[in-house]
Amino acid sequence: MKFSKKLAAFAAIGLALIGTAACSKSNNSSSSDKIPSKITKKTTVVFWHGMVGVQQSTLQKLTQEFEKQNPKINVKLESQGSYNDLQAKINSTLQSPNNLPTITQAYPGWLWNAAQNKMLVNLTPYINNKNVGWGSAKASDIRTELLDDAKIKGTQYGIPFNKSIETLTYNEDMFKKYGIKKVPTTMEELKNASETIYKKSNHKVVGAGFDSLSNYYVLGMKDNGVNFNDKIDFSGSTSKKVINYYADGIKKGYFRVAGSEHYLSGPFANEKVAMFIGTSAGEGFVKQGVGNKFTYNVAARPGKYTMQQGTDIYMFNHASADQKAAAFKYIKFLVSKSSQLKWANATGYIPVNNAVINSKEYKNNTDLKLPAKLSSSMKYLYSVPVEKNSNATYSQLNSIIQTILSAAQKNQNVNNAINAGKTKFDAAWKQ
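The sections below set out a description of the structure shown in this document. (Residues numbered from 1 in each chain as written. Predicted model: local features only at pLDDT ≥ 70, side-chain atom pairs only at ≥ 80, totals over all residues. Heavy atoms only, no water.)

**Digging into helix α15 (residues 337-347)**
Those residues of α15 not exposed but buried are S339, Q340, L341, W343, A344 and T347. Positioned one or two residues after α15, G348 has a phi angle of 90°, which is positive. (Buried < 20%, exposed > 50% of the residue type's maximum accessible area, 1.4 Å probe, protein only. Helix = DSSP H or I, 4+ residues; strand = E, 2+ residues; numbered from the N terminus.)

Dropping the structure here:
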């Protein structure tokens, strides 16, 4: 499966299917369940996931390692294909809760209705249990922002697993050629460097672009003090400021969008764009595309905030007490320092464990540029708030902003496109 198809799932929207909670045999909160201190009989944990390629093979190796350490537990890995496929499978199965797996990868927005219908396990009692968990959230050493992002309406339903952030990837050779002495750290610096490169290259090289237009808008608003919610005035002054920053660059030629190529790593490798903002999980593909053509590097995303994305692991309530305990032991293993170091180095995902982020073993990884820069690149993390229809609205943003930028490229009236976008934006929140 191509990486572009995998990345496209970052923008997958949650379907508004309401599961029939009454059909579940275990609607009680897990806090009332007695958590077994040991798994004494053979127990099978079913794990639905959307990993492919090296991600899937690494997950398989880690699972085999876990099973050797825990001979009473069998983890049945069931790949559902892409994230889109996984989300569709979860949504269709929510109507028959007993057919759900023990645990699954998911974005929290996918499981909003499942949480409302008490189909998920509150994992706080497991986190606080010293036999299957850590004794406390602090003792888990999972970065707080990542752990908080796996909550739905304040309840810890998920544990972060495969995560990424947005970073700036740039062509070092091109910076030297066109006199860019400082890697942009602000949006103003990004604009100025992009404009300089575009002019000095005689319009042959576009300065920069953003892979995800949804992320561009959400983080642009956040950097201007506005959280992503249904109170946003899409045609208001702050929103127009964020949109026009990109639109002006499109009109003048120093910015571009990915368009039909889906991701800017291709044009970057072909030296048609000097830098781009995209997911850190794609660095391995950038390295492969660039080869020996030039020297690339990565840096923190310009602006204060960066987007943290990727799935968490959630547990369904229909499972038995032994399955829940066994599943949490497995989750704990996957986010341990040892596992996260192997996972991050093999896949390019960022570690969720603070000990790995700050470890020499990770920072000294010479195969990738990100590990040495990660700590400074994730000082301020943001994610799409888990609220009703927030995921669906976020997913609509890409096409809304694309339409506006297309109008800018054609020198059409951008305000008309923004007003049309407002109608779609507001409708998505109210659906």
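**Considerations on the side chain of T347**
As for its position among the elements, T347 is in helix α15. Given the relative accessible area of 9%, T347 is considered buried. In this structure the side chain of T347 is engaged in a polar contact, spanning 2.6 Å, whose partner is the backbone oxygen of W343. In this structure the side chain of T347 is engaged in a polar contact, spanning 3.2 Å, whose partner is the backbone nitrogen of Y349. When residues no more than four places from it in sequence are discounted, the contact partners of T347 are V54, Q55, T58 and A281. (Polar contact = N/O pair within 3.5 Å; in protein donor to acceptor, adjacent residues only side chain to side chain. Contact = heavy atoms within 4.5 Å.)

**Considering the packing of helix α11 (residues 237-252) against helix α20 (residues 414-430)**
Running from amino to carboxyl end, α11 crosses α20 at an angle of 135°, the nearest separation of the two axes being 12 Å. When the axes of α11 and α20 are compared, the pair comes out oblique. When the axes of α11 and α20 are compared, the crossing they make is right-handed. Where α11 abuts α20, its residues K240, I243, N244 and K251 lie against V414, N415 and I418. Of the residues in the contact of α11 with α20, the class split is 3 nonpolar, 2 polar and 2 charged. (Axes fitted to C-alpha atoms, helices over the stretch in contact; angles between N-to-C directions. Parallel < 35°, antiparallel > 145°, perpendicular 65-115°, else oblique. Left-handed = near helix turned anticlockwise from the far one by under 90°. Nonpolar A, V, L, I, M, F, W, Y, C, P; charged D, E, K, R; others polar.)

**Observations concerning the pattern of salt bridges**
For the structure shown, the criterion picks out 12 salt bridges. For E166, the salt bridge is made with R301, and the minimal N-O distance between the two is 3.0 Å. A residue pair is termed long-range when its members are at least 10 positions apart, and E166 in strand β6 (residues 158-171) and R301 in the loop between β10 (296-300) and β11 (306-315) qualify at 135 residues. The exposure classification of E166 matches that of R301, with both residues buried. (Salt bridge = Lys/Arg side-chain N within 4 Å of Asp/Glu carboxyl O.)

**Things to note about the pairing of strand β3 (residues 103-106)**
Here β3 shows a buried face lined by I103 and Q105 and a second buried face lined by T104 and A106. One ladder, built from 4 bridges, connects β3 with β11; its direction is antiparallel. Across the sheet, the residue bridging to A106 is D312, located in β11. (Pairing = 2+ DSSP bridges.)

**Quick look at the nonpolar core**
With 82 residues, the main nonpolar core has I90, I103, L111, L120, I159, F328 and L334 as its most contacted residues. Broken down by element, the residue count for this core peaks at 8 residues, all from helix α14 (residues 321-334). Counting residues in hydrophobic clusters, the runner-up holds 52 residues, among them V205, Y382, V384 and I400. (Core = buried A, V, L, I, M, F, W, Y, C linked by side-chain atoms within 4.5 Å.)

**As for the packing of aromatic side chains**
This model, assessed by the stated rule, comprises 28 aromatic pairs. With a centroid separation of 5.9 Å and 85° between ring planes, the pair formed by Y83 and Y107 is classed as edge-to-face. Residue Y83 is located in helix α3 (residues 83-93), and its partner Y107 is located in the loop between β3 and α4 (112-116); the two are separated by 24 residues in the primary sequence. The same class applies to Y83 as to Y107, namely buried. Where F228 meets W429, the ring centres are 5.3 Å apart and the plane angle is 45°; that geometry is what we call tilted. Pair noted here: F228 is in the loop between α10 (213-223) and α11 and W429 is in helix α20, with a separation of 201 residues, a long-range link. Every member of this aromatic cluster is reached through a ring pair, and the members are F210, Y216, Y245, Y246, Y254 and F255. The ring of W48 has K89 sitting right over it, with the charged end atom 4.6 Å from the ring centre. Over the ring of Y296 we find K369, and its NZ or CZ is 5.3 Å from the ring centre. (Phe/Tyr/Trp six-rings, centres within 6.5 Å; stacked < 30°, edge-to-face > 60°. Lys NZ or Arg CZ within 6 Å of the ring centre and 35° of its normal.)

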